[in-house]
Amino acid sequence: MKSFGVAVLFGIAAILAGCADSVSKPVPVVALAPEQKSELKIADVMAEAAPGVDISRYDLDRIAGKLKGELQLRAAEMMAGENEPAPSTMKVVFSEYDAGNAFARAMLAGLGQIEIEADVFLIDAAGKTVAQYEVSKNFAFGGIYGASTSIEDVEVGFVKSVVEIVSEKQT
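Thresholds, definitions, all that
Residues numbered from 1 in each chain as written. Predicted model: local features only at pLDDT ≥ 70, side-chain atom pairs only at ≥ 80, totals over all residues. Heavy atoms only, no water. Helix = DSSP H or I, 4+ residues; strand = E, 2+ residues; numbered from the N terminus. Buried < 20%, exposed > 50% of the residue type's maximum accessible area, 1.4 Å probe, protein only. Contact = heavy atoms within 4.5 Å. Pairing = 2+ DSSP bridges. Axes fitted to C-alpha atoms, helices over the stretch in contact; angles between N-to-C directions. Patch = residues over 30% accessible without salt bridge, like charges linked within 9 Å, V, L, I, M, F, W, Y side chains within 5 Å. Areas by Shrake-Rupley, 256 points an atom, 1.4 Å probe, with all protein chains shown as cover. Salt bridge = Lys/Arg side-chain N within 4 Å of Asp/Glu carboxyl O. Phe/Tyr/Trp six-rings, centres within 6.5 Å; stacked < 30°, edge-to-face > 60°. Parallel < 35°, antiparallel > 145°, perpendicular 65-115°, else oblique. Left-handed = near helix turned anticlockwise from the far one by under 90°. Nonpolar A, V, L, I, M, F, W, Y, C, P; charged D, E, K, R; others polar. Core = buried A, V, L, I, M, F, W, Y, C linked by side-chain atoms within 4.5 Å.

It is not clear to me how the side chain of S167 should be interpreted in this structure. Could you clarify?
For S167, the position within the fold is in the segment after α6 (151–163). What makes S167 buried here is its relative accessible area of 2%. For S167, the residues in contact, after removing those within four places along its chain, are K37, R74 and A75.

Here it is, written out as structure tokens:
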């Protein structure tokens with residue numbers, strides 16, 4: 001009977017494991033028009049922090065690298081080649097980056113939550129912002145799952161959410 005309880009616990013953990021990296025729908029502030037999307041070629045991804053947001057350069061570079069990798073994987077047609085005319089830039093400006101508190105999450109769901117929020121700008125070759133989206137990803141599960149989930153786990157879902165802006169799945 002004890003092994004059944006352990007199996008159930010692992011089953012629940014496996015089901016919940018997808019939550020940290022699930023996709024949140026980007027909220028358009030200035031949406032990318034269909035004709036702009038068809039012509040969009042992203043040459044670079046930049047990440048920076050808004051004033052007052054505590055995030056290291058290492059974290060910003062890591063997230064920008066994850067974004068480039070996910071763009072190559074899920075929206076390769078949007079990536080600019082070496083000789084692409086008028087490539088665009090994706091700029092991610094973090095307005096919230098909080099790892100929360102694992103102990104608080106372990107004690108009670110909703111406490112110590114992980115929060116990642118950013119404005120995503122698509123900037124054309126002339127430096128003009130052609131689209132802006134708000135993307136956020138929060139995690140507040142409790143118990144062992146909450147305590148063992150890190151901000152890097154939640155970044156996976158955040159990155160997938162940002163790529164939704166240019167992927168074919170976006171409606």
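Text resumes after the structure shown.
I'm lost on the sheet that holds strand β1 (residues 27–30) in this one. Help?
Strands sit in the order β1-β5-β4-β3-β2 across an open sheet of five strands; the sheet is mixed. Two strands close off the open sheet at either side, each with one partner strand: β1 and β2 (42–49). Between one strand axis and the next, the sheet turns through 20 degrees on average, direction left out of account. Sheet contacts for helix α3 (residues 57–74): β2 and β3 (88–98); angle to β2, the most-contacted strand, approximately 150 degrees.

So what exactly am I meant to see when it comes to a nonpolar patch on the surface here?
Nonpolar side chains collect at one region of the surface, where F103, M107, L108 and L111 lie side by side and expose about 450 Å² of accessible area between them. Note on placement: L108 falls in the loop between α4 (102–107) and β4 (114–123). With a relative accessible area of 52%, L108 lands in the exposed category.

Explain the packing of aromatic side chains to me, please; I cannot follow it from the model alone.
Centre-to-centre distance and the angle between the planes together describe a pair of aromatic rings. Following the criterion strictly, the structure yields two aromatic pairs and no others. Measuring from ring centre to ring centre gives 6.1 Å for F94 and Y97, while their planes differ by 80 degrees; the resulting arrangement is edge-to-face. The rings of F94, Y97 and F158 are connected pair by pair, giving a single aromatic cluster.

Would you explain the pairing of strand β5 (residues 129–139) in this entry?
Remark: a regular strand shows side chains that alternate across the two faces of the sheet. One ladder, built from three bridges, connects β1 with β5; its direction is antiparallel. Paired with P28 across the bridge in β5 is Y133. Across ten bridges, β4 lies against β5 in antiparallel orientation. Counterpart to E115 in the pairing with β5 is N138. Remark: five residues form the turn of the hairpin made by β4 and β5, two consecutive strands paired antiparallel; G127 in that turn has positive phi of roughly 90 degrees.

Which parts of the structure should I look at to understand the packing of α3 against α6?
Where α3 meets α6, the axes come as close as 9 Å, and the angle between the chain directions of the two elements is 50 degrees. Taken together, the axis directions place α3 and α6 in an arrangement best described as oblique. Regarding α3 and α6, the two cross each other, and that crossing is right-handed. Here α3 contributes R62, I63, K66, L67, E70, L71 and R74 to the contact with α6, which in turn contributes E152, E155, F158, V159, K160, V162 and V163. Split into classes, the residues belonging to the contact of α3 with α6 amount to seven nonpolar, no polar and seven charged.

What is the right way to read the side chain of R62 from this model?
Here R62 lies in helix α3. Residues within four places of R62 in sequence aside, it is in contact with Y97, E152 and E155.

How do you make sense of the nonpolar core when you look at a structure like this?
Core analysis: the largest hydrophobic core is formed by 42 residues, its most contacted members being M90, F94, L122, F158 and V166. Elements represented by at least two residues in this core include exactly β2, α3, β3, β4, β5 and α6. With seven residues, the top contributor of residues to this core is β4.

Honestly, the pattern of salt bridges in this entry has me stumped. Any pointers?
Side chains that carry opposite charge are capable of pairing whenever their charged atoms lie near each other. One pass over the full model with this rule turns up nine salt bridges. D59 is the salt-bridge partner of R62, the closest N and O atoms lying 2.7 Å from each other. One end of the pair is R62 and the other is D59, both in helix α3 and three residues apart, which spans about a single turn. The class of R62 is buried, set by a relative accessible area of 15%. Taking relative accessible area as the criterion, D59 reaches 16% and is therefore assigned buried. With a closest N to O distance of 2.3 Å, R74 and E164 form a salt bridge. With R74 in helix α3 and E164 in the segment after α6, the pair connects residues that are 90 residues apart, well separated along the chain. Residue classification places E164 among the buried residues on the basis of a relative accessible area of 11%. It is possible to trace a salt-bridge network through shared partners that takes in D59, R62, K66, E152 and E155.

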